[in-house]
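# What the coordinates show
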Amino acid sequence: YIIDAIFGNAHSVTIESDYFDSYTSEIYVSSGSSDTYDDMALNTATKDLLVQKSKDVFGSLLSAAQSGSSFPSSAASFTEDYSYLDDIHDSYDDLCSEFATSSTSGYVSITPGNFSCNNAEYGNGVFTIRSEFNYNYTHRSFSWWSSDFTDSQSSGNGYLTLSFKNVDGDWIITGFSYSGI
């Protein structure tokens with residue numbers, strides 16, 4: 001926000017938004033001065049909404065990757081901006097490569113469990129949600145001794161980062177990455 005004109009002196013400024021906790025600060029204005037507030041915290045409702053959206057989106061990407069599908073064309077929540085979309089597709093292709101085929105080792109199935117938000121932040125017009133999740137999986141490995149594949153089951157922890165922009169009230173995904181799978 002820009003305040004075009006204000007009398008010099010001490011002022012109390014309150015910033016309110018649908019997405020952030022209210023922020024109040026005391027400022028002193030002099031000729032040519034400016035202040036920047038970039039450490040505003042997402043409010044609970046926004047954070048909860050974006051964490052749930054992260055979980056839902058990751059679940060649909062995981063299902064598509066497990067089935068060997070190309071990037072889901074029904075992913076209307078993703079940006080159409082190719083400067084972001086290329087990286088999102090690369091991350092999705094990496095996720096697909098984690099899964100076994102009939103002639104390779106890899107994951108057979110991954111079932112995500114609980115999600116918890118480790119960090120929710122805002123910067124440069126982008127809301128970034130970093131989450132940790134646990135998952136159960138079945139992994140297929142090739143045994144050189146038996147010349148056959150064997151499946152084993154276990155669990156693990158993974159990390160997910162999704163970046164969102166709010167465009168006309170819709171949450172559009174501009175970034176996707178994961179680790180720990």
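Above this text is the structure in question.
What comes next is a walk through the structure.

Rules used in this analysis
- Residues numbered from 1 in each chain as written.
- Predicted model: local features only at pLDDT ≥ 70, side-chain atom pairs only at ≥ 80, totals over all residues.
- Heavy atoms only, no water.
- Helix = DSSP H or I, 4+ residues; strand = E, 2+ residues; numbered from the N terminus.
- Rg over C-alpha atoms; globule rule 2.2 N^0.38 Å.
- Buried < 20%, exposed > 50% of the residue type's maximum accessible area, 1.4 Å probe, protein only.
- Contact = heavy atoms within 4.5 Å.
- Areas by Shrake-Rupley, 256 points an atom, 1.4 Å probe, with all protein chains shown as cover.
- Lys, Arg positive; Asp, Glu negative; His and termini not counted.
- Charge placed at Lys NZ, Arg CZ, Asp CG, Glu CD.
- Expected span 1.5 Å × (residues − 1).
- Arc of directions from axis to C-beta.

## Describing the overall build of the protein chain
A tally of regular secondary structure across the protein chain gives two helices and six strands. Scanning the protein chain from its N terminus toward the C terminus, one meets helices and strands in the order β-β-α-α-β-β-β-β. What you see for the protein chain is a C-alpha radius of gyration of 22 Å, clearly larger than the 16 Å of a compact globule of 181 residues, by over 25%. By its C-alpha atoms, the protein chain is 80 × 30 × 25 Å across when sized along the principal axes. Counting all 181 residues of the protein chain, 33% fall into the buried class. Restricting the contact set of the protein chain to residue pairs at least 6 apart, pairs at least 24 apart contribute 49%. With an accessible surface of roughly 11100 Å², the protein chain has 45% of that area assigned to carbon and sulfur atoms. Computed over 6 positive and 24 negative side-chain charges, the inter-centroid distance for the protein chain is 8 Å.

## Quick word on the side chain of Ser 91
For Ser 91, the position within the fold is in helix H2 (residues 82–97). Taking relative accessible area as the criterion, Ser 91 reaches 14% and is therefore assigned buried. Among all residues touching Ser 91, those that are not within four sequence positions of it are Phe 176, Ser 177 and Tyr 178.

## What about H2?
With 16 residues, H2 extends 22 Å from end C-alpha to end C-alpha; this agrees with the ideal 22 Å at 1.5 Å per step. Listed as buried for H2 are Leu 85, Ile 88, Ser 91, Tyr 92 and Leu 95. For H2, the angular spread of buried residues about the axis comes to 125°, placing them on one side. Among the exposed residues of H2, those oriented more than 90 degrees off its buried face are Tyr 82, Ser 83, Asp 87 and Ser 97. Residues of H2 that are buried make contact with helix H1 (44–66) and strand E6 (170–179).

So yeah, pure geometry; function would need other evidence.
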